[in-house]
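This is what each chain is made of:
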Amino acid sequence: MSDEIYERVLSNPKFAAMTASRARFSWRLALIVLAVYYAFVFASALAPELMARPLAEGMTFPVGLAAGIVITVFCSLMTGVYVLRANSRYDAMNRDLLNEVGR
């Protein structure tokens, strides 16, 4: 990309809107994931007997391990949500912006 196109992209209001939107969305997802993770950490620290308790009567699989697996799956899903949003919305915005400034 030439310096001229690069400068036009940076000065375009659509670029600022796109980057602000992407940053807001990614920060929201990051805060959600961190809240879930820290809730697990606090529950482990403040209620270890709950985390050590079996998932059901007669099982040896503890609540804490099940919660850890759920958190891992949840984080993977949040990554998928971001990728879907990036591919459907931000890539299109980026293409439109490059087409506009490339003229």
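Coordinates for the structure precede this section.
The following paragraphs examine the structure supplied in this document. Residue positions within a chain follow its written sequence, with the count starting from 1. Where local features are concerned, this predicted model is filtered to residues with pLDDT of at least 70; where side-chain atom pairs are given and counted, the filter is 80 or more; whole-chain, interface and lining totals use all residues. Each side-chain value is derived from all of the structure's non-hydrogen atoms; neither hydrogens nor water enter the calculation.

## Points about the overall build of the protein chain
Stated formally: Here a strand is any run of E in DSSP of at least two residues, a helix any run of H or I of at least four, and the numbering for each starts at the N terminus. The reference for a compact globule is 2.2 Å times residues^0.38; the radius of gyration itself is calculated from the C-alpha atoms. Whether a residue is buried, partly exposed or exposed follows from its accessible area with a 1.4 Å probe, protein chains only, as a fraction of its type maximum: under 20%, in between, or over 50%, in that order.
A tally of regular secondary structure across the protein chain gives 4 helices and 0 strands. For 103 residues, the compact-globule estimate of 2.2 N^0.38 gives 13 Å, and the C-alpha radius of gyration of the protein chain, at 22 Å, exceeds that figure by more than 25%. Its C-alpha atoms give the protein chain principal-axis dimensions of about 70 × 20 × 20 Å. The burial tally for the protein chain puts 16% of its 103 residues in the buried class.

## Quick notes on a nonpolar patch on the surface
Selection rule: Excluding any residue in a salt bridge, patches collect residues exceeding 30% relative accessible area, merging like charges within 9 Å and nonpolar Val, Leu, Ile, Met, Phe, Trp and Tyr side chains within 5 Å. Methods summary: accessible areas were calculated by the Shrake-Rupley approach with a probe of 1.4 Å, and residue burial reflects only the protein chains presented. We count a salt bridge whenever a side-chain nitrogen from Lys or Arg sits within 4 Å of a carboxyl oxygen from Asp or Glu.
A cluster of nonpolar side chains, Trp-27, Leu-31, Leu-34, Tyr-37, Tyr-38, Val-41, Phe-42 and Leu-46, forms an exposed patch at the surface whose accessible area comes to about 890 Å². Looking at the element boundaries, Val-41 is found in helix α2 (residues 13-46).

## Thoughts on the side chain of Ser-21
Note that Ser-21 resides in helix α2. Residue classification places Ser-21 among the buried residues on the basis of a relative accessible area of 8%.

## A few points about the packing of aromatic side chains
As a reminder, the rule being used: Two aromatic rings from Phe, Tyr or Trp, using only the six-membered ring of Trp, form a pair when their centres are within 6.5 Å; if the ring planes differ by under 30 degrees the pair is stacked, by over 60 it is edge-to-face, and anything between is tilted. In our convention, an over-ring charge means Lys NZ or Arg CZ found within 6 Å of a ring centre and within 35 degrees of that ring's normal.
If you walk through the whole model with that rule in mind, you get 2 aromatic pairs. Ring geometry for Phe-25 versus Tyr-82: centroids 6.2 Å apart, planes at 20°, classification stacked. Here Tyr-82 lies in helix α4 (residues 63-101) and Phe-25 lies in helix α2, a separation of 57 residues in the sequence. Judged by relative accessible area, Phe-25 falls into the buried class, the value being 11%. Tyr-82 gets classed as partly exposed once you look at its relative accessible area, which sits at 26%. Ring centres of Tyr-37 and Tyr-38 lie 5.4 Å apart, and the angle between their planes is 70°; on these two criteria the pair is classed as edge-to-face. The ring of Phe-25 carries Arg-85 above its face, with NZ or CZ at 4.1 Å from the centroid.

## Concerning the packing of helix α1 (residues 3-11) against α4
The description of two helices packed together rests on the angle between their axes and the distance between the axes. Let me state the cut-off plainly: Whenever a helix is involved, its axis is fitted only over the stretch in contact; in every case the axis is a line through C-alpha atoms, and angles between N-to-C directions fall within 0 to 180 degrees. Between 65 and 115 degrees an angle is taken as roughly perpendicular, under 35 as roughly parallel, over 145 as roughly antiparallel, and anywhere else as oblique. A crossing counts as left-handed when the near helix is turned anticlockwise from the far one by less than a right angle, and as right-handed when that turn is clockwise. In this description, contact between two residues means that some pair of their heavy atoms is separated by no more than 4.5 Å. Asp, Glu, Lys and Arg are counted as charged, while Ala, Val, Leu, Ile, Met, Phe, Trp, Tyr, Cys and Pro are counted as nonpolar; the rest, among them Gly, fall into the polar class.
The contact between α1 and α4 brings their axes to 10 Å, and the two run at 125°. Between α1 and α4, the interaxial angle falls into the category oblique. Two packed elements cross with a definite hand, and for α1 against α4 that hand is right-handed. Residue-level inspection shows Ile-5, Arg-8 and Val-9 of α1 in contact with α4, the latter providing Leu-97, Leu-98 and Val-101. Class assignment of the residues belonging to the contact of α1 with α4 gives a composition of 5 nonpolar, no polar and 1 charged.

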